[in-house]
Amino acid sequence: MKILSEGKEPINAQLATQAATEYVRRRKCLEKEIECILFLLRQNLAIRGKEESDGNLHQLLALRKKDVLDLHIWEEYLSPAIQNELISSIGTSVLRQLLIDI
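Calculation notes
Residues numbered from 1 in each chain as written. Predicted model: local features only at pLDDT ≥ 70, side-chain atom pairs only at ≥ 80, totals over all residues. Heavy atoms only, no water. Helix = DSSP H or I, 4+ residues; strand = E, 2+ residues; numbered from the N terminus. Rg over C-alpha atoms; globule rule 2.2 N^0.38 Å. Contact = heavy atoms within 4.5 Å. Buried < 20%, exposed > 50% of the residue type's maximum accessible area, 1.4 Å probe, protein only. Arc of directions from axis to C-beta. pLDDT = per-residue confidence, 0-100. Axes fitted to C-alpha atoms, helices over the stretch in contact; angles between N-to-C directions. Parallel < 35°, antiparallel > 145°, perpendicular 65-115°, else oblique. Left-handed = near helix turned anticlockwise from the far one by under 90°. Nonpolar A, V, L, I, M, F, W, Y, C, P; charged D, E, K, R; others polar.

**Observations regarding the overall build of the protein chain**
Thinking step 1. A count of helical and extended segments in the protein chain gives three helices and zero strands.
Thinking step 2. Taken from N to C terminus, the helices and strands of the protein chain fall in the order α-α-α.
Thinking step 3. Here the C-alpha atoms of the protein chain give a radius of gyration of 19 Å, more than 25% beyond the 13 Å that 2.2 N^0.38 yields for 102 residues.
Thinking step 4. Referenced to the eigenvectors of the C-alpha coordinate spread, the extents of the protein chain come out at roughly 60 × 40 × 25 Å.
Thinking step 5. Sequence separation of at least 24 residues holds for 59% of the intrachain contacts in the protein chain that already meet a minimum separation of 6.

**Topic: helix α2 (residues 56–64)**
Thinking step 1. Turning to α2, its buried residues are L57, L60 and L61. Taken around the axis of α2, the buried residues stretch over an arc of 100°, which confines them to a single face.

**Quick notes on the confidence of the model for the protein chain**
Thinking step 1. Mean pLDDT over the protein chain: 84, with 91% of residues reaching 70 or higher.
Thinking step 2. Mean pLDDT across the elements of the protein chain ranges from a minimum in α2, with 87, to a maximum in helix α3 (residues 80–101), with 90.

**Remarks on the packing of helix α1 (residues 11–42) against α2**
Thinking step 1. α2 packs onto α1 with a crossing angle of 130° between their chain directions and a minimal axis gap of 10 Å. The angle between α1 and α2 places the two elements in the oblique class. You can see that α1 and α2 cross each other, and the crossing is right-handed. Between α1 and α2, the contacting residues are K32, E33, E35, C36, I37, F39 and L40 on the first element and N56, L57, L60, L61 and R64 on the second.
Thinking step 2. A per-class count over the contact of α1 with α2 returns seven nonpolar, one polar and four charged.

Here's what the structure looks like:
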């Protein structure tokens with residue numbers, strides 16, 4: 001039996017809403033990270049530097065934080081393995097599009 005105060009949603013609905021909101025925030029951050037990687041790849045610029053904080057991707061995302069307020073949560077997803085996986089996925093996508101065009 002559910003006991004609800006007047007105007008309160010059930011806890012499962014609150015959790016679902018919170019999860020959906022978090023999903024949207026993280027997806028937006030991933031899109032911005034991919035946009036930054038695409039920019040660096042198009043310009044033939046290095047993505048990583050000698051130090052983690054010196055890399056072009058890190059600096060570009062730091063600049064974009066001013067425009068995208070939630071981007072600060074994405075710093076935990078900037079490992080070289082994740083960056084390599086994103087670059088590989090972008091390369092596969094570009095190759096697939098070239099094959100479609102040909």
